[in-house]
Amino acid sequence: PKRCSTVNLVVPLRGEGPGNMQIRVMQWNVLAHGLANDGFLVSQPNEEGASILDRARSVQVLGQTMKQRAKKSGEKIRLKDLPEEMKTWDPPPFDFAQRLKSNFQEILQEEQRYLQEITDLPKRCAMITARVQAEQPDIITFQEYDMFETLNPLLEAAGYSAGSDQGSYQELAQRVKDLGIQLKKGGGGSPKDFAQKYRELLEEYAAKGLCVCPNFNSTARRFNPDGFDDGVAIYWKTSTLKSREPPDVWTYDMTGDAPAIRVKLQHNSGSPLDVMTLHLPSSPGKELRRQLNLWQLHELLGGALADGPPLILAVDLNSDAHLQPPLGQEVQVIAEDGSSEKVEFQLDQPLRHTCFQLLQSGTGTGTGSRRPYSHPADVKAAKSMANCDFPHWGLKNAWGTEDRIPLSVVKMRGPASEQVQKWGELTLETTDHVFCSPHFKVAQCGTGYRHYNHQDKQDLMRRFKDPQAPNQEELCELLKGLIPSSTIPSDHMCVLATFQLSPRDEAVEVQGYAPEEMEEDFLLGDRVLIKAAKEEPKAWEGTVRFIGITDFATGEWLGVELDIKAGKNDGSVHGKRYFQCEDKYGLFLHPSAVQKFKASSPRDIALEKAKVQEALALAMEDHDIETIRRVLPAAESLGIDPKEIHFARQIVDSVASYDLQGEVKGLCSSLLKLRRTLENIEASSSGRPGATQGTSYQELERRLLSESLPKVLEHFMQGAQSPCKAGKAGAAGSQTDVPQANRQKPAGIASASTAPAPSEGSVKQKFRKNLMAGLKDGSLETVVKSIPDTGQ
């Protein structure tokens, strides 16, 4: 099947127009022609998943062996060296590995034939155009775009434009290429001068309306000297949209050789819309460099991304959504003349965010202060910047979650790749995304692949490395979608996003005032006072958990988690979740109804922290759940040891689970007693003349299930919505099997645990779900057996 991620969004655009108007965006890294012949492991036509898995594992073992040999010898192993290296290779017991050992040259030629599908540029461009015609997007954003001369005529024939004619691009691409050649020869000025000339070239052709920006001295052209540099491009359907003014272009990265472009469009209805794209460097060890790129771009953009028309940012971040950045990082340090030097070093502590998170709403948590961006001049400066408060862009990701997200890259380099050190490295990543300004409302998200979170991907990698691991079928099915392939002309899946005009017609009663501009700057995590309501003797205290536009009212709002149960919700309104908290602890207010705590002196903060820490420790020792719940927000905001906070939450969850278990046992005991009573009545009635076997049992069971038991269960369910109180369970007033006076606290609940305790909410939800499932078939016996053991 064709793998294509699909995202549907609803957006209120400015201007007049029908309420059901749609704008459809296609985001696609189309794999530069200069990089296509990179030896990808390509699935053969009609090849079974098990065969692909065998090939992939064989290449992985061979790649690891070659990497170890190169490390031991200190010399890089090249593809031409492999025939000799294979003579001493001890292959694993995989079919493809045995074939590689016995006839490497023949296998290599076979693999290269499979790659012809993606190295034939006219065929690839035809496949890309066919996908565009099938999906009919209004906007297309491309990365690694070095095929303008072949693809542009096809897209123009299909009704799309990049803002200028073919000749303008060819002039720009040739001038950028010549500039790169001149730089390599070492004449014409310093690297800083060349970066300035490159930026001026992009600005010159952007002023003519061209919305294609080649990179400067790109890797793709170094692999393909006869071609042009790859870059980024934005197309739009001329029957739907037009350019309302020339695009904005910026150059970024340490050496200023990467472009970003923002196109300013207008719909036929008159509604404006801005679309931006960029492409960040690859490799997990370049995460700091990518984050510095985003910092630099944020300043170049002026930081006001939510101002003006709605913005769509379609990108290849080259940073996985679930990336856990390593301590080892690589950046380029820049001298005064613009010359650069690649340096590798170890960070003192892990990076606090990923690029995926920095593009969204949030606040910095670095130890340094916010400062203007500047290129790092040495390793010390790079480490210092890693500890700064990075600016967040304030956008929303179109997937609507940071947990389970569709994969956009499933690839592996095989024995036809010149990069022997990367053989067998299976890549399962989500690097391609669509982000949007707060104007947008996410409606739904779908993909050709299933959604994966970090743990899912780790599990897939573990099963790939272990042939004896369970559920190999899922892995086989996944690898059948290896890309690129004969049906997908790139090593990335395209992402499709649909935007729909939707007026804000939903209102909700919210405490606060009429929407105005924020008078005070708030950050997530700020401790605040809510100005006293008329019926309240004093102001409430809470923590800011949400800042931004909502669907229930216009203007900007703050979502606050209160310290006491005095709110109106659990962080969601009308089914839309903005933040997470306990029910009746959440409140949405206008900023004018909220004020920050006044800054305290370091001495006051230290005293308050000691006071809160002591209160938390005593409450944990006494298992005082109410005090723990009350103190936890202040403990988190004051930076108390996360381990202590984790143990405190474990106590709350464990005691809640234990209380609920007591109630369940009581209800279970009562139901069993009722069952025995019914059986005794049935036994007595069966011996009487004229009695029909089962009549009394069935009648009493019917009455119990249809009349009494539902009322008891409903009462019990209502109690499960609030903190559990032991000793109240039992049908028809019967007592629990565990008397309250003799109950013991669960052993070890204050000690460290290898796995987190089940949350109070999840235990209750599981109980409710299983119990109602037991009632479904109307059998009392089934009801009794279906009650879960919540202690597990």
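Values in this document were obtained by computation on a predicted structure and should not be read as measured data.

A few words now on the overall build of the chain. In terms of helices and strands, the chain carries 22 helices and 27 strands. With 792 residues in all, the chain has 51% of them scored as buried. Of the contacts made within the chain by residues no fewer than 6 positions apart, 72% connect residues no fewer than 24 positions apart. On the chain, roughly 37,100 Å² of surface is accessible, and the fraction owed to carbon and sulfur atoms is 48%.

On to the packing of aromatic side chains. Inspection of the entire model under this criterion finds 15 aromatic pairs. Ring geometry for Phe356 against Phe435: centres 5.7 Å apart, planes inclined by 55°, an arrangement best described as tilted. With Phe356 in helix H13 (residues 355-358) and Phe435 in strand E17 (residues 432-436), the pair connects residues that are 79 residues apart, well separated along the chain. By the burial criterion, Phe356 is buried, and Phe435 matches it. Members of the aromatic cluster, connected to one another through ring pairs, are Phe142, Tyr145, Phe148, Tyr169, Phe228 and Tyr235.

So, on to the confidence of the model for the chain. Of all residues in the chain, 74% have pLDDT values of 70 or greater, and the mean over the chain is 77. Mean pLDDT per element in the chain: strand E1 (residues 4-11) is the minimum at 45, and strand E6 (residues 231-237) is the maximum at 97. Scored below 50 in pLDDT, residues 501-518 makes 56 contacts in the model with residues more than four places away or belonging to other chains.

A few words on helix H10 (residues 191-206). Between its first and last C-alpha, H10 extends 23 Å over 16 residues, near the 22 Å set by a 1.5 Å rise per residue. All of the buried residues in H10 are Phe194, Ala195, Tyr198, Leu201, Leu202, Tyr205 and Ala206. Angular distribution of buried residues about the axis of H10 spans 130°; they occupy a single face of the element. Taken together, the buried residues of H10 touch helix H9 (166-185), strand E5 (212-214), strand E7 (241-252) and strand E8 (258-267).

Taken in spatial order, the five strands line up as E26-E23-E22-E21-E27 in an open sheet, and their pairing is antiparallel. The sheet terminates laterally at strand E26 (586-589) and strand E27 (594-596), the two strands that pair on one side only. Strand-to-strand twist across the sheet, computed as the mean angle between neighbouring axes with direction ignored, equals 45°. As paired strands, strand E23 (residues 556-562) and E26 are joined by four bridges and run antiparallel to one another. Looking at E26, one finds that Val560 is bridged to Leu587.

Summed over the entire model, instances satisfying the criterion amount to 27 salt bridges. Two residues, Arg262 and Asp248, come together in a salt bridge whose shortest N-O distance is 3.1 Å. Taken together, the positions of Arg262 in strand E8 and Asp248 in strand E7 put the pair 14 residues apart, joining distant regions of the chain. Here Asp248 falls in the partly exposed class, since its relative accessible area comes to 21%.

The next subject is the side chain of Ser218. You can see Ser218 is positioned in the loop between E5 and helix H11 (219-223). Judged by its relative accessible area of 5%, Ser218 is buried. A distance of 3.3 Å separates the side chain of Ser218 from the backbone nitrogen of Arg221, its partner in a polar contact. A polar side-chain atom of Ser218 sits 3.1 Å from a polar atom in the side chain of Asp230. Those residues within four positions of Ser218 in sequence are excluded, and the remaining contacts are Asp229 and Asp230.

The next point concerns the packing of helix H8 (residues 148-157) against H9. Orientation of H8 relative to H9, taken along the N-to-C sense of each, is 160°, at an axis distance of 11 Å. If you check the angle between H8 and H9, you find them roughly antiparallel. Considering how the two elements wind past one another, H8 and H9 form a crossing that is right-handed. Here Phe148, Glu149, Asn152 and Pro153 of H8 come into contact with H9, specifically with Gln166, Tyr169 and Gln170.

Bringing the sheet that holds E17 into the picture now. Sheets are built from strands paired through backbone hydrogen bonds, the pairs being either parallel or antiparallel. Spatial strand order, E7-E8-E9-E10-E17-E13: six strands in an open sheet with mixed pairing. Two strands close off the open sheet at either side, each with one partner strand: E7 and strand E13 (396-397). Looking at chain direction, E7 and E8 are connected through nine bridges and run antiparallel. Each residue of the ladder has a partner; that of Val249, found in E8, is Ile261. Contacts from H10 reach E7 and E8 within the one sheet, and its direction differs from that of E7 by about 180°.

Bringing unusual backbone geometry into the picture now. Looking along the chain, the bond that leaves Ile483 and enters Pro484 is cis, with omega of 0°. On the secondary structure map, Pro484 appears in the loop between helix H16 (472-479) and strand E20 (494-501). One non-glycine residue, Gln136, lies in the positive phi region at around 55°. Summarising the element assignment, Gln136 is placed in the loop between helix H7 (121-135) and strand E3 (139-143).

This brings us to the packing of helix H2 (residues 49-73) against helix H4 (residues 95-102). The N-to-C vectors of H2 and H4 enclose an angle of 55°; their axes lie 7 Å apart at closest approach. Taken together, H2 and H4 sit at an angle that is classed as oblique. From H2, Asp54, Arg55, Ser58, Val59 and Leu62 reach across to H4, where they touch Asp95, Phe96, Ala97 and Leu100. Its residues placed into classes, the contact of H2 with H4 shows five nonpolar, one polar and three charged.

Turning next to helix H15 (residues 454-465). If you check H15, its first and last C-alpha atoms are 17 Å apart, about what twelve residues at 1.5 Å a residue would give, namely 16 Å. For H15, the set of buried residues is Asp456, Lys457, Leu460, Arg463 and Phe464. Taken end-on, H15 shows its buried residues confined to a sector of 125°, consistent with a single buried face. Turned more than 90 degrees away from the buried face of H15 sit Gln455 and Lys465, all of them exposed. In this structure, the buried side of H15 is in contact with H2, strand E16 (427-429), strand E19 (451-452) and H16.

Attention now goes to the nonpolar core. Across soluble globular proteins, nonpolar side chains show a tendency to be buried alongside one another. The biggest cluster of nonpolar side chains holds 99 residues, and the ones touching the most others in it are Phe142, Tyr145 and Tyr235. Sorting elements by how many residues they give to this core places H10 first, with six residues. Look past the residues within four positions of Tyr235 in its chain and what remains in contact with it is Asp138, Ile139, Ile140, Phe142, Tyr145, Phe148, Asn152, Leu155, Tyr160, Ser161 and Ala162.

This paragraph deals with the state of the cysteines. With the rule as written, the count across this model stands at zero disulfides. Looking at the unpaired Cys211, the closest cysteine sulfur is the one in Cys213, lying at 7.9 Å.

So, about the pairing of E23. Counting buried positions over the seven residues of E23 gives six, a clear majority of the element. Bridge count for strand E22 (residues 540-549) against E23 is seven bridges, and the pairing is antiparallel. Following the sheet pairing, Gly548 is matched in E23 by Trp557. Counting the residues between successive antiparallel strands, the hairpin from E22 to E23 contains six residues, one of them, Gly555, with a positive phi of roughly 85°.

Moving on, we come to the environment of Ala416. Looking at where Ala416 falls in the secondary structure, it is placed in the loop between strand E15 (409-411) and E16. Expressed as a C-alpha distance, the spacing of Ala416 and Glu111, which sit 305 residues apart in the sequence, is 6.2 Å. Non-local contacts of Ala416, meaning those with residues more than four positions away in its chain, are made with Gly39, Leu79, Leu108, Glu111, Gln112 and Leu115.

Turning next to the environment of Ala195. Following the sequence through the fold, Ala195 ends up in helix H10. With a relative accessible area of 12%, Ala195 lands in the buried category. Along the backbone, Ala195 and Leu179 are 16 residues apart, and their C-alpha atoms lie at a distance of 9.6 Å. Residues in contact with Ala195, not counting those within four places in the same chain, are Thr255 and Gly256.

What counts, and at which threshold
- Throughout this description, residue numbers start from 1 for each chain and increase along the sequence as written.
- Local features in this predicted model are restricted to residues of pLDDT 70 or higher, and side-chain atom pairs are both shown and tallied only at a pLDDT of 80 or more, whereas totals for entire chains, interfaces and linings draw on every residue.
- Derived side-chain values reflect all non-hydrogen atoms in the structure, with water molecules and hydrogen atoms excluded from consideration.
- Put simply, DSSP marks the helices as runs of H or I at least four residues long and the strands as runs of E at least two long, and each gets a number from the N terminus on.
- We call a residue buried when its accessible area falls under 20% of the maximum for its residue type, exposed when it is over 50%, and partly exposed in between, using a 1.4 Å probe and counting protein chains only.
- Should any heavy atoms of two residues lie within 4.5 Å, those residues are counted as being in contact.
- To be clear on the numbers: accessible area is Shrake-Rupley with a 1.4 Å probe, and residue cover counts the displayed protein chains and nothing else.
- Any Phe, Tyr or Trp ring, taking Trp's six-membered ring, that has another such ring centre within 6.5 Å forms a pair; planes under 30 degrees apart are called stacked, those over 60 apart edge-to-face, and the others tilted.
- Confidence scores here are pLDDT values: one per residue, from the predictor, ranging 0 to 100.
- Helix span, as expected, comes to 1.5 Å for every residue beyond the first.
- Arc definition: directions from the helix axis to the C-beta atoms.
- When DSSP finds two or more bridges between a pair of strands, those strands are recorded as paired.
- Orientation is described by lines fitted to C-alpha atoms, with helices fitted over the stretch in contact, and by angles between N-to-C directions that extend from 0 to 180 degrees.
- The salt bridge criterion pairs a side-chain nitrogen of Lys or Arg with a carboxyl oxygen of Asp or Glu, the two atoms within 4 Å.
- In the analysis that follows, any N or O atom pair within 3.5 Å is treated as a polar contact, provided that within protein one partner can donate a hydrogen and the other can accept it, and provided that, for residues neighboring in sequence, both atoms belong to side chains.
- Any angle that falls under 35 degrees is termed roughly parallel, while one over 145 is termed roughly antiparallel, one within 65 to 115 roughly perpendicular, and all others oblique.
- For any pair of crossing helices, the crossing counts as left-handed if the nearer helix is rotated counterclockwise from the farther one by less than a right angle, and right-handed if it is rotated clockwise.
- For this classification, the nonpolar set comprises Ala, Val, Leu, Ile, Met, Phe, Trp, Tyr, Cys and Pro, the charged set comprises Asp, Glu, Lys and Arg, and every other residue, Gly included, is treated as polar.
- Nonpolar core, defined: a set of buried Ala, Val, Leu, Ile, Met, Phe, Trp, Tyr and Cys residues in which side-chain atoms within 4.5 Å join the residues together.
- When the sulfur atoms of two cysteines come within 2.5 Å, that pair is taken as a disulfide.

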